[in-house]
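Below, each chain spelled out in residue letters.
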Amino acid sequence: MARWCYRHRLVVLLLWVGALFGVGFSASTAGTDYANVFSLPDTDSKSAYDLMQKAFPNTSGDTDTVVWKVTDGSVKDPAVRSRIQPALDTIAKLKGVGAVTSPYDGAQGAGQISQDGKIAYAQLTFVQRANEIPKDVVQKVVDTAQGAERGGLQVELGGQAIQRVQEPPQGLSEMVGIVAAAIVLFLAFGSFFAMTLPIAIAVFGVGMGLFSTQLLSHTTNIPDIAPLLASLIGLGVGIDYALFIVTRHRRGILRGMDPEESAVTALNTSGRAVLFAGGTVCIALAGMLVTRLRFLDGVVIGTSLTVVLSVLAAVTLLPALLGFLGPRVLSRRQRRRLAAEGPEPEKASGLAARWSVNVEKRPRRIAALAVVVMAVLAIPVLSLRLGATDQGNDDASTTTRKAYDLLAEGFGPGFNGPLQVVSAGGDTTKLVQGIEKTPGVARAAALPPAQGVTVIQVIPTTSPQSKETDDLIDTLRDQVIPKAGAEAHVGGVTAVSKDFASVTGDRLPLFIATIIGLGFLLLLVAFRSLVVPLTAAVMNLIAAAASFGVLVAVFQWGWGLDLLGLGKEGPINAFLPVIMLSLLFGLSMDYQVFLVSRMHEEWVHTRDNARAVRVGLAETSRVINSAALIMVCVFLAFVLSGDSGAAMAGVGLAAAVALDAFILRTALVPAAMHLLGNSNWWLPAWLDKRLPHLAVEPGEDAAPQPTDPTGPATAIHGFVRTADGDPVEDASVTLMSKGGRQLDRVTSLADGSYIVSVPAPGSYLLAVTSPAYGSRARHVTVADGALVYDVELTGDEVDAVN
């Protein structure tokens, strides 16, 4: 497939461009139809909402507020009223607005004016929930209300619907992420053309994914946060997958391969790993379905589709673009050096190789240091509190944050998160009296009943995000309502947030067990080992704990929030653990696959664990670290999205990827594998026979293919000696096919001689291992006759053969 795409590059490029513009045009014509189906069955807040929707169909939607404050005089002054009341009357007539409760409506509205007369508010009750209200309707509400402002009169608006229309322009965070990634790529490659390749793949993959998700929103329920999360994960994996393939391709050209052969080899090696890694990301995302939270179903669809299209672009469009560039994928300096000095030797060198040797020499010290660092970062997770952010966490410059602060100033902190006790039977008067006497309640008032349903507005004395408010909800449900003998339920935005956090927390263990179990099975099949997938599972849990520790320190404790411009501290969004763990698990699996597949390849060839770990780390750590740096830049850019959930996910994932790549995969994983030795690759024989064979990444090879696969059998023979010429007895000599399949294995005799049988002329890999003298692996090409090949073992060579 890679060769076909390379040779028919113009056709492939035109097909992708046509598909992108075609889907984009269709999506633009159809528009968006995102729907946030936020259903929490079998919860008390859902029962309250259902009762309100039945009895008050025009007031069961979310309630927003218009708040105004005067510098001089009172909000009751005729000059102030003559500006505010007409605006409220206009808002009441807008489509989608169910009711407007004004402070100027006689005695009933007097409670909406602060005691000092400086601040007043009007309640806007929509006929739908905030997520379902069209943005143009909300924008008209904002423009109408703020049109009443004048000198000495401040008008602000708060509420979930208002929050949705003050977000920054879509695409800002994506553009910043792409620019940051381009800078990292240019520094890594030193070539403008090589830099553009991963960017182009990410743009095509994410573009197709977002347009397709937009079209799917007309046929299924997809929340409006899905495109943001899809672009976040799509940009990250799209750039990373292309980076892995392009790096392998450039290495092949530097080692003397023809550009076409190098591209085909890169796709047949790193491309296979990309397919496997993309599959693990999709499986991790699909793990969200076990939570049975309908809100997340659309997130799974949008993000998985974007990942699939990014992988498809990497394995079809990328080889076509490599065909257009040819040797220009290298920098000018590299092309000049290749022409002057010839191909580079097949060995790992530089900082990566030196670090790999250090890890081998000091595995206990490095593993202990890495564990200590991750444990310290994970400490804050012990105080993790799930909940929901509100306008109090918005940036201080936004109208929602200003309205939040004005209401808290005029009416107390609990006013921003009123509770709704919805009663369908029993003694309502006794219930109201019981609520008023409950500690933590500022005031309670019953609204006129309708169809046998009474709504009691309860204002807590504490803010919506405080633990005391959560405790008050439990007290009302468990003590006050049963004591009054009423049939009532506690609802409202604050109660919904608490119930969502409880449901998420209850289902989180099953979700974690599902994605860890699926990952274990995948790695078990891929690497035919029990220890490698077990290590990966432990590492994923460590990375998750440390990254959530960083999240708690930043967003819950407030460390560095001012630097990031993210408002003030509060609880962690309840939906974030599920989404973030899915993405983190998928991305961690990517790095594990790329790292361990290279180690496994070397292990299959040499059966030398120390060498396999050393060579695998030396050859992959640089590209893994570059990929992680790009991911960090892309994720941190989502701090600019204006969405608190996306900002939390961006910071959390950036921390997770950085810790995973720079500490776990670069230090702790290889150190642990050195300490575990050959047991890394242990698998019971009975299980080995029953597992399907899956080649994640076959050995890369620049030598010619066998010319006659059905040709006569032949042999390779020679001597195994030391550098001084002494024979090496009992050395293990193994003949491998290009894909890593063992063809023959013998032990050298007392004089160092050996002979292995070869099935046909062609290219093979000969691996020689001795416990006393180290190992060596070399590609050999066998012609029609027997090949004489002597092997010299030096004992201390870092031999990095692909």
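Quick caveat: nothing in here was measured; it's all calculated off a predicted structure. (Residues numbered from 1 in each chain as written. Predicted model: local features only at pLDDT ≥ 70, side-chain atom pairs only at ≥ 80, totals over all residues. Heavy atoms only, no water.)

1. A look at the overall build of the protein
Phase 1 of the analysis: A tally of regular secondary structure across the protein gives 24 helices and 18 strands.
Phase 2 of the analysis: If you line up the protein on its principal axes, its C-alpha atoms span 110 × 55 × 40 Å.
Phase 3 of the analysis: Expressed as a percentage of the 802 residues in the protein, the buried residues total 57%.
Phase 4 of the analysis: Considering only intrachain contacts with a sequence separation of at least 6, the fraction spanning at least 24 residues in the protein is 77%.
Phase 5 of the analysis: For the protein, the exposed surface amounts to about 32400 Å²; the carbon and sulfur share of it is 59%. (Helix = DSSP H or I, 4+ residues; strand = E, 2+ residues; numbered from the N terminus. Buried < 20%, exposed > 50% of the residue type's maximum accessible area, 1.4 Å probe, protein only. Contact = heavy atoms within 4.5 Å. Areas by Shrake-Rupley, 256 points an atom, 1.4 Å probe, with all protein chains shown as cover.)

2. Considerations on the pairing of strand E4 (residues 153-158)
Phase 1 of the analysis: E4 sits mainly inside the fold: five of its six residues count as buried.
Phase 2 of the analysis: Across six bridges, the pairing between strand E1 (residues 63-70) and E4 is antiparallel. Of the residues in E4, the one forming a bridge with Trp68 is Val155. (Pairing = 2+ DSSP bridges.)

3. Remarks on helix H23 (residues 644-676)
Helical periodicity: at 3.6 residues per turn, an α-helix aligns residues three or four positions apart in one direction.
Phase 1 of the analysis: Of all the bends in H23, the greatest, near 50°, is centred on Leu664.
Phase 2 of the analysis: The element H23 is extensively covered by neighbouring structure, given that 29 of its 33 residues are classed as buried.
Phase 3 of the analysis: Downstream of H23 by one or two residues, Gly677 has phi in the positive range, about 65°. (Bend = angle between axes of the 7 residues up to and from the residue.)

4. With respect to the packing of helix H18 (residues 493-527) against helix H19 (residues 531-556)
Phase 1 of the analysis: Between H18 and H19, the least distance of the axes is 8 Å, while the angle of their chain directions is 145°. Crossing of H18 against H19: the hand is right-handed. Contacts between H18 and H19 pair Ile512, Ile516, Phe520, Leu523, Leu524 and Phe527 from the former with Val532, Pro533, Leu534, Ala536, Ala537, Asn540 and Leu541 from the latter.
Phase 2 of the analysis: Along the lines of polarity and charge, the residues of the contact of H18 with H19 split into twelve nonpolar, one polar and no charged. (Axes fitted to C-alpha atoms, helices over the stretch in contact; angles between N-to-C directions. Left-handed = near helix turned anticlockwise from the far one by under 90°. Nonpolar A, V, L, I, M, F, W, Y, C, P; charged D, E, K, R; others polar.)

5. What about helix H22 (residues 609-636)?
Phase 1 of the analysis: Relative to the 40 Å expected for 28 residues at 1.5 Å per residue, H22 spans 37 Å between its end C-alpha atoms, a close match to the ideal helical length.
Phase 2 of the analysis: At Thr620, H22 is bent by approximately 40°, the largest bend along its length.
Phase 3 of the analysis: Burial of H22 is extensive: 22 of the 28 residues sit out of reach of the surface.
Phase 4 of the analysis: Between the side-chain oxygen at the start of H22 and the backbone nitrogen of Ala610 there is a gap of 3.2 Å, and the oxygen is on Asp608. (Expected span 1.5 Å × (residues − 1). Polar contact = N/O pair within 3.5 Å; in protein donor to acceptor, adjacent residues only side chain to side chain.)

6. Quick look at the environment of Thr29
Phase 1 of the analysis: Mapped onto the fold, Thr29 is located in helix H2 (residues 9-30).
Phase 2 of the analysis: Residues Thr29 and His8, 21 residues apart in the sequence, show an inter-C-alpha distance of 32 Å.

7. Quick notes on the sheet that holds strand E2 (residues 97-101)
Phase 1 of the analysis: Across the sheet, four strands lie side by side as E2-E3-E1-E4; this open sheet has antiparallel pairing. Of all strands in the sheet, those with a lone pairing partner are E2 and E4, marking the two edges. Pairs of neighbouring strands in the sheet enclose a mean axial angle of 20°, with direction left out of account.
Phase 2 of the analysis: With respect to the sheet, helix H5 (residues 135-146) is in contact with E1, E2, strand E3 (119-126) and E4, its orientation differing from that of E4 by roughly 165°.
Phase 3 of the analysis: Relative to E4, helix H15 (residues 399-411) is tilted by about 105°, and along the sheet it contacts E1, E3 and E4.

8. Side note on the packing of helix H10 (residues 259-286) against helix H21 (residues 576-606)
Phase 1 of the analysis: At a minimum axis separation of 8 Å, H10 and H21 run at an interaxial angle of 160°. Here H10 lies roughly antiparallel to H21, going by the angle between them. For the pair H10 and H21, the crossing hand works out as right-handed. Contacts from Ser270, Ala273, Val274, Phe276, Ala277, Gly278, Thr280, Val281, Ala284 and Leu285 in H10 reach Ser582, Leu583, Phe585, Gly586, Leu587, Met589, Asp590, Val593 and Phe594 in H21. (Parallel < 35°, antiparallel > 145°, perpendicular 65-115°, else oblique.)

9. Observations concerning the nonpolar core
Phase 1 of the analysis: Met288, Tyr591 and Phe635 are the most contacted members of the largest nonpolar core, which has 154 residues in total.
Phase 2 of the analysis: For this core, the element with the highest residue contribution is H23, accounting for 18 residues.
Phase 3 of the analysis: Each residue touching Tyr591, except ones within four places of it in the same chain, is listed here: Asp240, Phe244, Ile624, Ala627, Ala628, Met631, Val657, Asp660, Ala661 and Arg665.
Phase 4 of the analysis: Judged by nonpolar contacts, the second largest core, of 30 residues, contains Val75, Val80, Val142 and Ala161. (Core = buried A, V, L, I, M, F, W, Y, C linked by side-chain atoms within 4.5 Å.)

10. Overview of the confidence of the model for the protein
Phase 1 of the analysis: With 92% of its residues at a pLDDT of 70 or more, the protein has an overall mean of 83.
Phase 2 of the analysis: For the protein, the element scoring lowest by mean pLDDT is helix H20 (residues 561-564), at 73; helix H14 (residues 363-378) scores highest, at 94.
Phase 3 of the analysis: Confidence over residues 699-711 falls short of pLDDT 50; this stretch has 34 contacts with residues more than four positions distant or in other chains.
Phase 4 of the analysis: Within the model, the stretch residues 797-802 combines pLDDT values under 50 with 33 contacts to residues more than four positions away or in other chains. (pLDDT = per-residue confidence, 0-100.)

11. A closer look at the sheet that holds strand E7 (residues 441-446)
Phase 1 of the analysis: An order of E7-E8-E6-E9 is seen for the four strands of this open sheet, with the pairing classed as antiparallel. Each edge of the open sheet is held by one strand with a lone partner, namely E7 and strand E9 (487-491). Taken pair by pair, the neighbouring strands of this sheet meet at an average axis angle of 20°, ignoring direction.
Phase 2 of the analysis: Pairing of strand E6 (residues 419-425) with E9 involves five bridges; the strand directions are antiparallel. Note on E9: the bridge partner recorded for Gly425 is Glu487.

12. Remarks on the packing of aromatic side chains
Phase 1 of the analysis: Applying the stated criterion across every chain, the model contains nine aromatic pairs.
Phase 2 of the analysis: Summarising the aromatic geometry, the rings of Phe411 and Phe415 are spaced 5.0 Å apart at their centres and angled 25° between planes, so their arrangement reads as stacked.
Phase 3 of the analysis: Assessed through its relative accessible area of 14%, Phe411 is described here as buried.
Phase 4 of the analysis: Measuring from centroid to centroid gives 5.8 Å for Trp603 and Trp681, while their planes differ by 15°, and the two rings are stacked. Of this pair, Trp603 sits in helix H21 while Trp681 sits in the loop between H23 and helix H24 (685-690); the two residues are 78 residues apart in sequence, bridging distant segments of the chain. Here Trp603 and Trp681 have matching classes, each one buried.
Phase 5 of the analysis: Positioned over the ring face of Tyr6 is Arg9, at 5.4 Å from the centre of the ring.
Phase 6 of the analysis: Lying over the aromatic face of Phe193, Arg328 brings its terminal NZ or CZ to 5.4 Å of the ring centre. (Phe/Tyr/Trp six-rings, centres within 6.5 Å; stacked < 30°, edge-to-face > 60°. Lys NZ or Arg CZ within 6 Å of the ring centre and 35° of its normal.)

13. Re unusual backbone geometry
Phase 1 of the analysis: In this model, Gln451 sits at a positive phi of 50°, which is unusual for a non-glycine residue.
Phase 2 of the analysis: Owing to a relative accessible area of 64%, Gln451 belongs among the exposed residues under this scheme.
Phase 3 of the analysis: Located in the positive-phi region is Asp730, a residue other than glycine, with phi close to 65°.
Phase 4 of the analysis: You can see Asp730 is positioned in the loop between strand E11 (714-722) and strand E12 (732-736).
Phase 5 of the analysis: Relative accessible area serves as the criterion here: at 51%, Asp730 is assigned to the exposed category.

14. Re the pairing of strand E16 (residues 774-782)
Phase 1 of the analysis: By the bridge criterion, nine bridges tie strand E15 (residues 762-770) to E16 in an arrangement that is antiparallel. Within the sheet, the bridge partner assigned to Tyr764 lies in E16 and is Val780.
Phase 2 of the analysis: The turn joining E15 and E16, which pair antiparallel and follow one another in sequence, is formed by three residues.

15. Topic: the pattern of salt bridges
Phase 1 of the analysis: Counted according to the given criterion, the structure contains 16 salt bridges.
Phase 2 of the analysis: For Arg665, the salt bridge is made with Asp660, and the minimal N-O distance between the two is 2.8 Å. As far as the burial class goes, Arg665 and Asp660 line up, both buried.
Phase 3 of the analysis: A single salt-bridge network, built from bridges that share partners, covers Arg3, Arg7, Glu260 and Glu261. (Salt bridge = Lys/Arg side-chain N within 4 Å of Asp/Glu carboxyl O.)

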